[in-house]
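As a plain string of letters, each chain reads:
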Amino acid sequence: MGSDLLADARALDATLLHWRRHLHAHPELSGHEANTASYVAAALREMGLEPRARVGGMYGLTVDLGPAGGPCVALRADMDALPIQEQTGLPYASRTPGVMHACGHDAHTAMLLGAARLLSARRGELARPVRLIFQPAEEQPPGGAKPMIDAGVLDGVERVYGLHIWSEMPVGTLGTRAGVFMASTDELDIVIRGRGGHAAMPQQCVDPIVAASQVVVALQSITSRSIAMTDSAVVSITQFNGGTASNIIPEEVRLAGTVRTLSEATRAAVLRRLREIVEGVARAHGAEARVEVGAGYPALVNDAAAVESALRAARGLGIASESILQLAAQGGGEDFAYYARRVPSAFVFLGARNEAKGCVFAHHHPRFNIDEDALPLGAALLAALALSAA
Ligand code: NI
């Protein structure tokens, strides 16, 4: 079955390219995937399927295949693009200025459409119901997964699988790990408020630039002094904004940044220390601080049995064991984490790097591109997961 599935996916290659390149040329930002959703719905209807649109109130789509009733397996793809000006020069580069599929979600959508095509040709072989989830707004917390889950997409579902194209791994490989696989993400918005005035008379002011500088340095002690050597966390301050002129001490400085951790306990500990340090250091300088932590994603924890099923399906497709990689936990975040919190799930990276084709740029880079040879493999893997009994 497996090798037939891969052969059938390869026979679909021209269609997969057509879908992926159309989506690539017409990217839409998180929460604005109206045309993408219509395109996906039309492709599904052409296969004789009946998608449900606007699931969860955004542009999410689901479609059910196979027998009715019984425990269901769900396959999820995300559909949104990023606010980046594409610089690949590809013939099918983004036609929308400032918006680009720079994370591979165009490929995810095309691969799930490919799986839909493969599965609709094998409906009789489906031992259990299958739900395909085309999700919007992964790139923008609070994300598109949660509203779809709240709308009931996991009702009756006992397994969820998701793929992510990965430009750090060669095409033809796949990789994952059981347990925590991707980090929690929390966005920071910090305001340090002092008292502005003339730069020549600092004694009359409370300088928020000095206070904020100390805050930035002190925050780096969290990862080195508050986290065990066996645990890990990242605290990055990525914006430092304040001031208007060389002779004015400003009223306030605004900092932005992100916190990444691999467990809820560490996440809580880091955020608690962060507040203590920001508020304490600001107070020591006579300034006031406000710390806001924006809604991020929890850590993505893969279920060991679901990972085993994914690896078995990969081997069944004929992927050599040396092409199946055991990965370390990743610092990136993913709202697939919400599915995995509710239902035993596996999230798998699919290699798309190819030096010879120039597909070497990192995700979210303006020259990001994938080796499209990954598409049939991903479509076949998703279909195999739906067809496997475990
Ligand atoms: Ni992504």
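Within each chain, residues carry numbers counting from 1 in the order of the written sequence. Given that the model is predicted, a residue must reach a pLDDT of at least 70 before its local features are reported, and side-chain atom pairs must reach 80 or more before they are shown or counted; all residues, however, enter totals for whole chains, interfaces and linings. Side-chain numbers come from the whole structure's heavy atoms, not from hydrogens or water.

**Q** Account for the domain arrangement of the protein chain, with residues named and values stated.
**A** Splitting the protein chain by domain gives domain 1 (2-181 + 299-387) and domain 2 (184-295). Here the limits of each domain have been adopted from an automatic or database domain assignment. A C-alpha centroid distance of 37 Å is found between domain 1 and domain 2. Values labelled buried area give the accessible surface lost by two parts on being combined, using a 1.4 Å probe and summing over both. In total, about 620 Å² of surface goes out of reach between domain 1 and domain 2, with carbon and sulfur atoms giving 59% of it. Here, a salt bridge means any Lys or Arg side-chain nitrogen found within 4 Å of an Asp or Glu carboxyl oxygen. The tally of links between domain 1 and domain 2 comes to 0 salt bridges. Here a polar contact is recorded for every N or O atom pair within 3.5 Å, except that within protein the pair must consist of a potential hydrogen donor and a potential acceptor, and residues adjacent in sequence are included only if both atoms are side-chain atoms. Between domain 1 and domain 2 we count 1 residue pair in polar contact (both at pLDDT 80 or more) in total.

**Q** Can you explain the sheet that holds strand β15 (residues 345-353)? Please cite residues and give values.
**A** Hydrogen bonding along the main chain pairs the strands of a sheet, whether they run parallel or antiparallel. In space, the 7 strands of this open sheet follow the order β1-β3-β2-β4-β15-β5-β14, with mixed pairing throughout. Because the sheet does not close on itself, it has two edges, and the strands there are β1 (61-65) and β14 (324-326). Adjacent strand axes in the sheet meet at a mean angle of 25°, parallel and antiparallel pairs treated alike. The pairing of strand β2 (residues 72-78) with strand β3 (residues 130-135) spans 6 bridges and is classified as parallel. What sits directly across from Leu75, in β3, is Leu132. The criterion used for residue contact is that any of the two residues' heavy atoms lie within 4.5 Å. Between N-to-C directions, angles cover 0 to 180 degrees, with each direction set by a line fitted to C-alpha atoms, over the stretch in contact for helices. Helix and strand assignments follow DSSP, with helices taken as H or I runs no shorter than four residues and strands as E runs no shorter than two, numbered in order from the N terminus. Along the sheet, helix α3 (residues 34-46) makes contact with β1 and β3, crossing β1 at roughly 15°. Of the strands in this sheet, β1, β2, β3, β4 (157-170) and β15 touch helix α4 (residues 105-120), which is tilted by about 145° from β2. Any two strands with at least two DSSP-identified bridges between them are counted as paired.

**Q** Hey, could you go over the coordination of the nickel ion for me, with residue numbers and the actual values?
**A** Sites may look incomplete, because water is not among the atoms used; the donor set itself consists of N, O and S atoms within 2.8 Å of the metal (3.2 Å for Na, K and Ca). Each protein donor to the nickel ion is listed here as Cys103 (SG), His105 (NE2) and His164 (NE2); together their distances run 2.2 to 2.4 Å. Spacing between the donor residues of the nickel ion along their common chain follows C-x1-H-x58-H. A residue pair is termed long-range when its members are at least 10 positions apart, and His105 in helix α4 and His164 in strand β4 qualify at 59 residues. Residue classification places His164 among the buried positions, given a relative accessible area of 4%. Each residue's exposure class comes from its accessible area (1.4 Å probe, protein chains only) as a fraction of the maximum for that residue type: buried when under 20%, exposed when over 50%, partly exposed otherwise.

**Q** Give me the sheet that holds strand β9 (residues 233-241): which residues, what numbers.
**A** If you trace the 4 strands from one edge of the open sheet to the other, you get β9-β11-β7-β12, paired in antiparallel fashion. Each of the sheet's edge strands pairs with one partner strand only, and the pair in question is β9 and β12 (288-297). Taken pair by pair, the neighbouring strands of this sheet meet at an average axis angle of 20°, ignoring direction. Pairing analysis gives 10 bridges linking strand β7 (residues 184-193) to strand β11 (residues 252-261), with the strands arranged antiparallel. When the bridges of β11 are listed, Asp189 appears paired with Ala256.

**Q** Explain the packing of α3 against α4 to me, and be specific about the residues and the numbers.
**A** What describes two packed helices is the angle between their axes and the distance between those same axes. At a minimum axis separation of 10 Å, α3 and α4 run at an interaxial angle of 15°. By the angle between their axes, α3 is roughly parallel relative to α4. In terms of crossing hand, the pair formed by α3 and α4 is right-handed. Between α3 and α4, the residues in contact are Val40, Ala43 and Leu44 and Thr109, Leu113 and Ala116, respectively. Each angle receives one of four descriptions, namely roughly parallel if under 35 degrees, roughly antiparallel if over 145, roughly perpendicular if within 65 to 115, and oblique otherwise. Here a crossing is taken to be left-handed if its near helix is turned anticlockwise relative to the far helix by less than a right angle, and right-handed if that turn runs clockwise.

**Q** Explain the side chain of Asp371 to me, and be specific about the residues and the numbers.
**A** Relative to the helices and strands, Asp371 is located in the loop between β15 and α10 (374-387). A distance of 2.9 Å separates the side chain of Asp371 from the backbone nitrogen of Asp373, its partner in a polar contact. Non-local contacts of Asp371, meaning those with residues more than four positions away in its chain, are made with Val171, Ala352, Asn354, Lys357 and Cys359.

**Q** Could you give an account of the environment of Gln220, naming the residues involved and the relevant values?
**A** Inspection of the secondary structure assignment puts Gln220 in helix α6 (residues 208-226). When its relative accessible area of 38% is taken as the criterion, Gln220 is described as partly exposed. Along the primary structure Gln220 and Leu274 are separated by 54 residues, whereas in three dimensions their C-alpha atoms are 9.6 Å apart. Polar contacts involving the side chain of Gln220 include one to the main-chain carbonyl oxygen of Val235, which spans 3.1 Å.

**Q** So what about the packing of helix α2 (residues 13-25) against α10? Which residues, and what values?
**A** One can describe the packing of α2 onto α10 by two numbers: an axis separation of 9 Å at closest approach and a directional angle of 100°. Accordingly, the angle class assigned to the pair α2 and α10 is roughly perpendicular. Contacts between α2 and α10 pair Asp13, Leu16, Leu17 and Arg20 from the former with Leu375, Pro376 and Ala379 from the latter. Lys, Arg, Asp and Glu make up the charged group, whereas Ala, Val, Leu, Ile, Met, Phe, Trp, Tyr, Cys and Pro make up the nonpolar group; the residues left over, Gly among them, are polar. Here the contact of α2 with α10 is composed, by residue class, of 5 nonpolar, no polar and 2 charged.

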